Amino acid sequence: MSASTSLYRKYRSQTFDELVGQEPVVRTLKNAIASGRISHAYLFTGPRGVGKTSAARLLARAANCLSEGPDKPCNECANCTAANRDIATDLIEIDAASNTGVDNIREVIERANFAPSVWNTKFYIVDEVHMLSISAFNALLKTLEEPPPHTAFILATTEVHKVPATVASRCQRFDFRRVPLDAMVARLEHICKQEDIPAEREALELVARHATGSLRDAESLLDQLRVFAEESITLESVQSLLGSSGSKEVAEFIDSLIAGDLATGLRHINRVLDDGLDLRQFNRQIVEYLRGLMLVKTGAASGESSMLDVTEEIKWQMRAQAERVTVPDLLRWVQAFAEADAGLRSTAYRQLPLEMGLVKAVLKPTEATELYQVRERSVELAAAVEQVAVTPRVQPRQPDDRREAAPSTRQVRPDAVAGPIHTPEPASPPPPIHMEMNLPVQPAHEPVQATTRAGAAEETEDSVELRSERAATDSDELRRLQELWGKVVDQINARAKPIAAAFRDNDRVRPHSVIGNTVTLSFRYPIQADRAKQEPSRGIIENAIGRVLGYPVRVESVLFEQAGGSNDAGNLAGTGNGSNGPSAAGGTARSARPAQSPYETTRGKAAMNIFGIDKFEDPQ
């Protein structure tokens, strides 16, 4: 059984009048043939399946047609017949996708130097010329500029931007456009009539829309449909084969969208899915329909404009719908369903992206979260995080309830006070606090004075105890940071590998102290310390340490010499023994302070005053 000829080959354009939808190109070429002004090089560009190769063959045949009549090619003379039977030796077609190298082009150039054997002009048709290599284009340049006598080149491509400008400038360029819907439907009806194929016009319109301007795609689909359909090509058979819905279903969906009827729209989507139709195809039809509404609403599709490839019935329906919608709404809807197309391509939830697109489209702008609102909120959150970063983590310890309730119940014997009590004076007096407090009035005698001083000493003890708690907490945080240092390096390595390389070496970078939300790092080299203080390095380091510790931090950098050299690599090992233990870590955090004897502290001095001791002997 011999294979049958496909429809797109059987009904290839045999005359310029059969070249569908390319009237400007046809008119120019026919005038050139009539005047005998055939150029030596042409560049045909446009989408696939719109007639570029067919026009090239027509031009080659018309230029060598032996007929004396005005209509060329005649398809009856010997030259036309040889071309139609693909036996013309002077018509050479080259597929540049298969012959991309410079050697292939050199062979073409050598053969082009020979005179034509039968025709007056030898034609070379190079299809998909953009696939040639740069070397091949360079080899072809001189021949295109000054071709041999009686030789012409026709270059065809779908991606003209890949053709070098030096090549395109040596050719006459013709831009082929997509075939309009009405012209394509008329051509399909002609083919159905010639092949005796019963077909509904609505079915052919759906075929033409699915082809998106490519007549060859439409003819190939029609060839498939005549085998798929049992008796005649109906709208239902086309929808079943394509997995798409017709214009009526799309128009009903848009009606529910305009009315804001979310429930009806969701039911419509699930009905399309239950019918076994392709949701991506349905979504594309929605976007195309909304585009048509936008053209109608803005007046771009009025008059004789061919920007809207729909039937007159659909145009009237679009005009009615356009009166009920605004352009901003159309823009939001197109954006919502265009985003849904990307989700439908890769999602495992079938109709969910399309349903989310519908919900976004129906929601009013005040109900949806707009982009600028998200940006404003992000700025507020950043400011809040910055505020948290400068707030101490350790809150001041609340005073004991018993001390707060009865501050003067603790009595001190007068005979136990051997001398004056020296309490440290504050650097500056605290601001006055205007509060009405019902405090008991006590006489100003010596026991009360001693009690008041003892209370001050007690408050001093509380502040010392509070500082001790803070120091212990900071010491624990430093130890935790040292133990988790590897995770900090991993966090930095994910964003900046050069910084992480330095942080892996304990002899170059070490955690020095943790005081509140401030983390101090010690560096061996000044250049690394300076780099850590600058953005974006500072932000990367703070983000990494904050992620590991669990709260935002501010990082400061010092050198090993400034840190006193007390922080060694043993701290990062987490041993906790000797000078590398928690106490050493706390001492490291305050290495700038000189060592103080316990008898010189505020608590020690208070005890000496209370018990009347002028000097303690250091047991060491």
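Right above here is the structure, for reference.
These numbers were taken from a predicted model, which means no experiment stands behind them. (Residues numbered from 1 in each chain as written. Predicted model: local features only at pLDDT ≥ 70, side-chain atom pairs only at ≥ 80, totals over all residues. Heavy atoms only, no water.)

(A) Local environment of the environment of N138. Mapped onto the elements, N138 comes out in helix α6 (residues 134-145). By relative accessible area, which is 47% here, N138 ends up partly exposed. In this structure, the C-alpha to C-alpha distance between N138 and V102, residues 36 residues apart in sequence, is 8.6 Å. (Helix = DSSP H or I, 4+ residues; strand = E, 2+ residues; numbered from the N terminus. Buried < 20%, exposed > 50% of the residue type's maximum accessible area, 1.4 Å probe, protein only.)

(B) Structural view of the pairing of strand β4 (residues 151-157). For β4, a buried count of seven out of seven residues is recorded, marking the element as mostly surrounded by other parts of the structure. Here β4 shows two buried faces, one formed by T151, F153, L155 and T157 and the other by A152, I154 and A156. Bridge count between strand β1 (residues 41-45) and β4: five bridges; the pairing is parallel. Residue pairing for β4: F44 is matched across the bridge by A156. Relative to β4, strand β3 (residues 122-127) runs parallel, the two being bridged by six bridges. Bridged to V126 within β4 is L155. For the handedness criterion, the β-α-β arrangement of β3, α6 and β4 is classed as right-handed. (Pairing = 2+ DSSP bridges. Right-handed = clockwise from strand over helix to strand, strands pointing away.)

(C) Structural detail: the pairing of strand β8 (residues 554-559). Side chains of β8 alternate between two faces, with V555, S557 and L559 buried and R554, E556 and V558 left unburied. As defined by bridge partners, strand β7 (residues 518-523) adjoins β8 across six bridges and the pair is classed as parallel. Considered in β8, the bridge of S522 is made with V558.

(D) Spatial organisation of the packing of helix α14 (residues 279-298) against helix α16 (residues 327-346). Between α14 and α16, whose axes approach to 9 Å, the crossing angle comes to 160°. If you check the angle between α14 and α16, you find them roughly antiparallel. The hand of the α14/α16 crossing is left-handed. Two secondary-structure elements touch here, α14 through L279, R280, N283, R284, I286, V287, L290, L293, M294, K297 and T298 and α16 through V327, L330, L331, W333, V334, F337, A338, A340, D341, L344 and R345. Its residues assigned to classes, the contact of α14 with α16 shows 15 nonpolar, two polar and five charged. (Axes fitted to C-alpha atoms, helices over the stretch in contact; angles between N-to-C directions. Parallel < 35°, antiparallel > 145°, perpendicular 65-115°, else oblique. Left-handed = near helix turned anticlockwise from the far one by under 90°. Contact = heavy atoms within 4.5 Å. Nonpolar A, V, L, I, M, F, W, Y, C, P; charged D, E, K, R; others polar.)

(E) Expanded view of the pattern of salt bridges. Scanning the model with the defined rule gives 23 salt bridges in all. Here R106 ties to D103 by a salt bridge, and the two come within 3.9 Å at their closest N and O atoms. With a gap of three residues between them, R106 and D103 both fall in helix α5 (residues 102-112), about one helical turn apart. On the basis of relative accessible area, D103 is assigned to the exposed category, the value being 55%. Notably, a salt bridge pairs E477 with R480, separated by 3.1 Å at the nearest N-O pair. With a gap of three residues between them, E477 and R480 both fall in helix α20 (residues 446-483), about one helical turn apart. A residue is classified by how much of its surface remains accessible, and R480, at 27% relative accessible area, is partly exposed. (Salt bridge = Lys/Arg side-chain N within 4 Å of Asp/Glu carboxyl O.)

(F) Summary view of a negative patch on the surface. There is a patch of like negative charges on the surface, built from E200, E202, E236 and E313. Within the secondary structure layout, E200 lies in the loop between α8 (181-195) and α9 (201-211). (Patch = residues over 30% accessible without salt bridge, like charges linked within 9 Å, V, L, I, M, F, W, Y side chains within 5 Å. Areas by Shrake-Rupley, 256 points an atom, 1.4 Å probe, with all protein chains shown as cover. Lys, Arg positive; Asp, Glu negative; His and termini not counted. Charge placed at Lys NZ, Arg CZ, Asp CG, Glu CD.)

(G) Spotlight on the packing of aromatic side chains. One pass over the full model with this rule turns up nine aromatic pairs. With a centroid separation of 5.6 Å and an interplanar angle of 90°, the aromatic rings of F44 and F174 are classed as edge-to-face. Taken as a pair, F44 in strand β1 and F174 in strand β5 (residues 172-175) lie far apart in primary sequence, 130 residues in all. With a centroid separation of 5.3 Å and an interplanar angle of 20°, the aromatic rings of Y124 and F153 are classed as stacked. A residue pair is termed long-range when its members are at least 10 positions apart, and Y124 in strand β3 and F153 in strand β4 qualify at 29 residues. For F153, a relative accessible area of 1% translates into the label buried. The residue whose ring lies beneath R319 is W316, and the NZ or CZ to ring-centre distance is 5.0 Å. (Phe/Tyr/Trp six-rings, centres within 6.5 Å; stacked < 30°, edge-to-face > 60°. Lys NZ or Arg CZ within 6 Å of the ring centre and 35° of its normal.)

(H) Structural detail: α9. Within the sequence span of α9, burial applies to A203, L204, E205, L206, V207, A208 and A211. Lining the buried residues of α9 we find α8, α10 (215-228), α11 (235-242) and α14. Two residues or fewer after α9 comes T212, characterised by a positive phi angle close to 50°.

(I) Examining a nonpolar patch on the surface more closely. Where nonpolar side chains cluster on the molecular surface, the patch consists of Y349, L352 and M356 and spans about 320 Å² of accessible area. Considering the arrangement of structural elements, one finds Y349 in the loop between α16 and α17 (352-362). Under the relative-accessibility criterion, Y349 is labelled exposed at 59%.

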